Amino acid sequence: MRHDIIPLSVPGAAAPTELVTYLPDNFPELGMDRRRPALILCPGGGYHFRSDREGEPVALRFAGLGYAVFLLRYHVAPQGRYPLPQRQLLAAIHHVRTHSEEYHVDPHAVVTMGFSAGGHLACSAGVLYENEEILEPLGLTPEACRPDGMILGYPVITSGPQAHRGSLENLLGERYQELLDTVSLEKQVTDATPPVFLWHTVDDTTVPVENSLLLQEALENAGVPAEVHLYPHGVHGQSLADSTVFSPDRLWMLSVPCSVWVERCHAWLRRMFG
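Residues numbered from 1 in each chain as written. Predicted model: local features only at pLDDT ≥ 70, side-chain atom pairs only at ≥ 80, totals over all residues. Heavy atoms only, no water.

K.L.:
Please explain the packing of aromatic side chains as it appears in this structure.
P.N.:
How two aromatic rings sit relative to each other is given by the distance of their centres and the angle of their planes. Enumeration over the complete set of coordinates arrives at 11 aromatic pairs. When the ring of Y47 is compared with that of Y74, the centres are 6.3 Å apart and the planes differ by 75°; the resulting orientation is edge-to-face. Note that Y47 is positioned in the loop between β3 (36-42) and α1 (56-64) and Y74 in the loop between β4 (68-73) and α2 (84-98), a separation of 27 residues in sequence. Each member of the pair, Y47 as well as Y74, carries the same accessibility label: buried. With centroids separated by 5.9 Å and ring planes inclined at 50°, the aromatic side chains of F197 and W268 adopt a geometry described as tilted. With F197 in strand β7 (residues 196-201) and W268 in helix α10 (residues 261-273), this residue pair connects regions lying 71 residues apart in the sequence. Like F197, the residue W268 is buried in the burial classification. Three or more aromatic residues link up through ring pairs in this structure, and these residues are F62, Y67, F115, Y154, W199, Y231 and W261. (Phe/Tyr/Trp six-rings, centres within 6.5 Å; stacked < 30°, edge-to-face > 60°. Helix = DSSP H or I, 4+ residues; strand = E, 2+ residues; numbered from the N terminus. Buried < 20%, exposed > 50% of the residue type's maximum accessible area, 1.4 Å probe, protein only.)

Here is the structure:
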């Protein structure tokens, strides 16, 4: 496995962010020219921090399933106000595509993956990749930065009544009122939005399930393929929903039935990208 930390600079950021690679090797028994889907992973944390529980354990699980995984340490508040995290993710997509041969990646199977506020960021890439404020300073085309799919776990989506206000306040800062509609992602879906795998727990009291339901409705209305899984129980932040992502004193928070999302997601990726 190739495990590197790649600095990634974008205009407007005071310092580079980091892209951490978890890349399975090619060897003769697998095929030296094997290409894999790439997952660019965005942990949650309310745009205030990045959850370790939604970072490396998820990267290792999906690398073990044969995917090339890139963990994005995007900037968070107060340094990482909009549009910097979004710009960093688009730059990461472009970086992975332009180095696809080196990374043994299929450049047509670059997928964003995120949880909670990281789900908002991952979804932003699929609905705001043409946004001039995000894209123009990068000097890239929308086509170069558009993800080929999105995997969203209990994502922050809306700025409406069911919004997770803390995430949006951390992301927008002083521009909160100005940009609320822009970052209400269900309002930005078009028929060019990439396919989505989406899951949520119905009794999530932190980021209400209505966030995912609003996105699902918008995707259906736009004719965008979406696979949606709703699980009856589970506190917010399930991640892989197994004992690898909960400390012993917090195992009571674990909702084991949610863990099947990994298998369902793996099957979806294989159907979508072969």
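Read on, since the account is not over.
K.L.:
Help me understand the packing of α2 against helix α4 (residues 117-127) in this model?
P.N.:
Relative orientation and spacing of two packed helices are given, respectively, by the angle between their axes and the distance between those axes. Axis separation between α2 and α4 bottoms out at 9 Å; the angle between their running directions is 65°. For the pair α2 and α4, the crossing hand works out as right-handed. Where α2 abuts α4, its residues P85, Q86, L89, L90 and I93 lie against H120, L121, A122, S124 and A125. Each residue belonging to the contact of α2 with α4 can be placed in one class, and the counts come to 7 nonpolar, 3 polar and no charged. (Axes fitted to C-alpha atoms, helices over the stretch in contact; angles between N-to-C directions. Left-handed = near helix turned anticlockwise from the far one by under 90°. Contact = heavy atoms within 4.5 Å. Nonpolar A, V, L, I, M, F, W, Y, C, P; charged D, E, K, R; others polar.)

K.L.:
Got a minute to help me understand the nonpolar core in this structure?
P.N.:
In this structure, I40, F70, L72 and L90 are the most contacted members of the largest nonpolar core, which totals 58 residues. Top contributing element to this core by residue count: α2, with 7 residues. Sequence-distant contacts of I40, defined by excluding residues within four places in its chain, comprise F70, L72, L89, A92, I93, V96, V110, V111, T112 and M113. (Core = buried A, V, L, I, M, F, W, Y, C linked by side-chain atoms within 4.5 Å.)

K.L.:
I keep staring at the environment of S116 and nothing clicks. Help me out?
P.N.:
Looking at where S116 falls in the secondary structure, it is placed in the loop between β5 (105-115) and α4. Reaching out from S116, the side chain makes a polar contact with the side chain of H236 at a distance of 2.8 Å. (Polar contact = N/O pair within 3.5 Å; in protein donor to acceptor, adjacent residues only side chain to side chain.)

K.L.:
Hey, could you run me through the environment of R271 in this one?
P.N.:
By the secondary structure assignment, R271 is in helix α10. Judged by its relative accessible area of 54%, R271 falls in the exposed class. A distance of 2.3 Å separates a polar atom in the side chain of R271 from a polar atom in the side chain of E227.

K.L.:
How should I be thinking about the sheet that holds strand β8 (residues 226-231) in this particular structure?
P.N.:
Overall, mixed pairing links the 8 strands, which are arranged β1-β2-β4-β3-β5-β6-β7-β8 in an open sheet. At either margin of the open sheet sits one strand with a lone partner, and together these are β1 (5-8) and β8. Strand-to-strand twist across the sheet, computed as the mean angle between neighbouring axes with direction ignored, equals 20°. As paired elements, β1 and strand β2 (residues 17-22) share 4 bridges and run antiparallel to each other. When the bridges of β2 are listed, I5 appears paired with V20. Against the sheet, α2 touches β1, β2, β3, β4 and β5, its axis set at about 150° to β5. (Pairing = 2+ DSSP bridges.)

K.L.:
Would you mind showing me how to read helix α7 (residues 165-172) here?
P.N.:
Structural remark: α-helix, 3.6 residues per turn; residues separated by three or four positions point the same way. All buried positions along α7 are accounted for by S167, L168, L171 and L172. Across the axial projection of α7, the buried residues extend over an arc of 110°, all falling on one side. Those residues of α7 that are buried are in contact with α2, α4 and α8 (176-179). Looking one or two residues past α7, G173 carries a phi angle of roughly 55°, positive in sign. (Arc of directions from axis to C-beta.)

K.L.:
Whenever I open this one, the confidence of the model for the protein confuses me. Can you help?
P.N.:
Keep in mind that low pLDDT regions are not for reading the predicted coordinates in detail. When pLDDT is averaged along the protein, the result is 97; 100% of the residues meet or exceed 70. Within the protein, no element has a lower average pLDDT than helix α3 (residues 100-103), which sits at 97, and none a higher one than strand β6 (residues 149-153), at 99. (pLDDT = per-residue confidence, 0-100.)

K.L.:
Sorry if this is basic, but what is going on with unusual backbone geometry here?
P.N.:
The bulk of non-glycine residues show a negative phi, and the bulk of peptide bonds are trans. A cis amide bond links A77 with the next residue in sequence, P78, at an omega value of 5°. Along the chain, the position of P78 falls in the loop between β4 and α2. Y82 connects to P83 through a cis peptide bond whose omega is 10°. Structurally, P83 is set in the loop between β4 and α2.

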